[in-house]
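The lines below spell out each chain.
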Amino acid sequence: MNNKEKLELAKWAVTQAKGFGADEAAVDVANSREIEIECRDQKIDKLQEATQNSMTVRIYTKGRYSGNTTNDLRKDSLSKFIEEAVAMTKYLGEDPYRSLPDSKYYAGLKDADLGICDNSYDEVSADQRVKIARDIETDTRERTDKIVSLTSYYGDGTYESVKVHSNGFEGTRRSTSFSAGVEVGITDGKGGRPSWWDWRTVRFFKDLPPISTYGEFAVERALDRIGQTKIESGAYDMIIENRARASLLGALEGPLSGRNLQQKNSCLDGKLGQKVFSDKLTVVDDPFMKGGLASRLYDDDGLPSRKRTIIEKGVLKEYLIDWYYSRKLGVEPTGGDTTNVTFELGTRSLDEMVKDMKKGILVTGFIGGNSNDTTGDFSFGIIGTYVEDGKLIKPVNEMNVSGNILQFWSSLVEVGNDPYTYSSLQRPTMYFKDVQFSGV
């Protein structure tokens, strides 16, 4: 079923819902195809293909709301499914804030090519997919004789969807993605098995990095972990490498959400327009980034996407408020979640920043932890390297970094020039002063 046929089916479903008594209805029709391959010992350990069609029907009737999803897209089945969905919705409790967006907010929807769909997706053969996974494994295994576990990966997918609202919105999406990576564990000769991984996702098949990229990085990092240990607790300078998982950036997003603001669970409540972070921190949400992994023309409410500055030189400029919570809060909607998150970049690389570090920890990964949206308090485990006088001294592991996000992001003193482009969160390397670490 192509997008034109999906659009016709969605319109038909909206008409059905209203015919069965819904005041308003929103219908999403989607199909996806995903392929995953894993290789171990030059054998295919996993080969999985999943194709799925789905329709989600959201019913608004007499102040009540329900969301209903089915994978059976035959009209005979759908008609009964929608009739029952409308009938059951009438038994739910009233929620006066549930509604489709006012149609005036649909204005301004762009018609642009975001560069997120590889039209040659169907030309990628099964042989090519398997070869990539096998070649990554072979390349990685040849890099050291210390390997004790090794898994290589390849995956790709295509996704198409349409959205139709009974009060006038219509939109379509089509995208592709391609991923490859490797996870490797080695022996340190003393019973330890440090490990590392590398994983990269792009929108176009031709943009996948060379085979040697994954193993070279993963093996080098795993070997660097030999001898990893805790060091003494205390306040250290901290550099977070751009590739490190974005735990501390994720801790910022929760308090910005309309849900947490409405429920008084946000440490950023009442701080709009105030300088609450370092002036080195400028965060921009860019849904129109060419080839971006989260690029889109409209959000889940059907509101047109827009580029927005969330934090500008430490000043909080916008919250993340979807249509529902905009009604509960009595404010204008700003969009409920982020897309491609970018940062104002600095001028120096990771190596240049490390060279100037007197005593600190270069964090290359996070290993669990949590944050409290209400208080801003956080604690995360880290993996990294102790640095002294600009030199990498020894690997550190099983240490925790803790604090409060308001104080933590105020201690940002430098942003690197190296955004990590294999993620929708395109964070650069960042340098923080006097961060509290827990070790021995």
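It should be noted that the structure appears before, not after, this text.
Residues numbered from 1 in each chain as written. Predicted model: local features only at pLDDT ≥ 70, side-chain atom pairs only at ≥ 80, totals over all residues. Heavy atoms only, no water.

Draft legend 1. Inspection of the sheet that holds strand E9 (residues 308–312) at higher detail. As summarised here, the arrangement of the four strands in space is E10-E9-E8-E11, forming an open sheet in which the pairing is antiparallel. Across the chains shown, the open sheet's two edge strands, defined by having one partner strand only, are strand E10 (315–316) and strand E11 (341–343). The pairing of strand E8 (residues 283–285) with E9 spans three bridges and is antiparallel. By the bridge assignment, Val283 is partnered in E9 with Ile311. (Pairing = 2+ DSSP bridges. Helix = DSSP H or I, 4+ residues; strand = E, 2+ residues; numbered from the N terminus.)

Draft legend 2. Focus on the pattern of salt bridges. A full pass over the atoms with the stated rule returns 30 salt bridges. A salt bridge links Glu84 to Lys80, with the nearest nitrogen and oxygen atoms 3.3 Å apart. Remark: Lys80 and Glu84 occur in helix H2 (residues 75–89); sequence separation between them is four residues, near one turn of the helix. By relative accessible area, which is 38% here, Glu84 ends up partly exposed. Three or more residues are tied together by salt bridges with common partners; here these are Lys6, Glu160 and Arg174. (Salt bridge = Lys/Arg side-chain N within 4 Å of Asp/Glu carboxyl O. Buried < 20%, exposed > 50% of the residue type's maximum accessible area, 1.4 Å probe, protein only.)

Draft legend 3. Focus on helix H1 (residues 3–19). With 17 residues, H1 should reach 24 Å at 1.5 Å per residue; the first-to-last C-alpha distance of 24 Å fits that figure. Asn3, Lys6, Leu7, Leu9, Ala10, Ala13, Val14, Gln16 and Ala17 are the residues of H1 that are buried. Contacts from the buried residues of H1 go to strand E1 (24–40), strand E2 (43–61), H2, strand E4 (147–165) and strand E5 (170–186). Residue Asn2 occupies the N-cap position of H1, its side-chain oxygen lying 3.1 Å from the main-chain nitrogen of Lys4. Looking one or two places after H1, you find Gly21, whose phi comes out positive at around 120°. (Expected span 1.5 Å × (residues − 1). Contact = heavy atoms within 4.5 Å. Polar contact = N/O pair within 3.5 Å; in protein donor to acceptor, adjacent residues only side chain to side chain.)

Draft legend 4. Layout of the packing of H1 against H2. Between H1 and H2, whose axes approach to 9 Å, the crossing angle comes to 40°. As summarised for this structure, H1 and H2 are arranged oblique, according to the angle between their axes. In terms of crossing hand, the pair formed by H1 and H2 is right-handed. In this structure, H1 uses Leu9, Trp12, Ala13, Gln16 and Ala17 to contact H2, whose residues at the interface are Lys75, Leu78, Ser79, Ile82 and Val86. When the residues that make up the contact of H1 with H2 are grouped by side-chain class, the tally is seven nonpolar, two polar and one charged. (Axes fitted to C-alpha atoms, helices over the stretch in contact; angles between N-to-C directions. Parallel < 35°, antiparallel > 145°, perpendicular 65-115°, else oblique. Left-handed = near helix turned anticlockwise from the far one by under 90°. Nonpolar A, V, L, I, M, F, W, Y, C, P; charged D, E, K, R; others polar.)

Draft legend 5. The packing of helix H3 (residues 126–141) against helix H4 (residues 212–224), seen in detail. Where H3 meets H4, the closest approach of the two axes is 8 Å, and the angle between their N-to-C directions is 40°. In terms of orientation, H3 and H4 fall into the oblique class. Relative to H4, H3 is oriented so that their crossing is right-handed. Contacts between H3 and H4 involve Ile136, Asp139 and Thr140 from the former and Ser212, Tyr214, Gly215, Glu216 and Val219 from the latter. Considering only residue class, the contact of H3 with H4 consists of three nonpolar, three polar and two charged.

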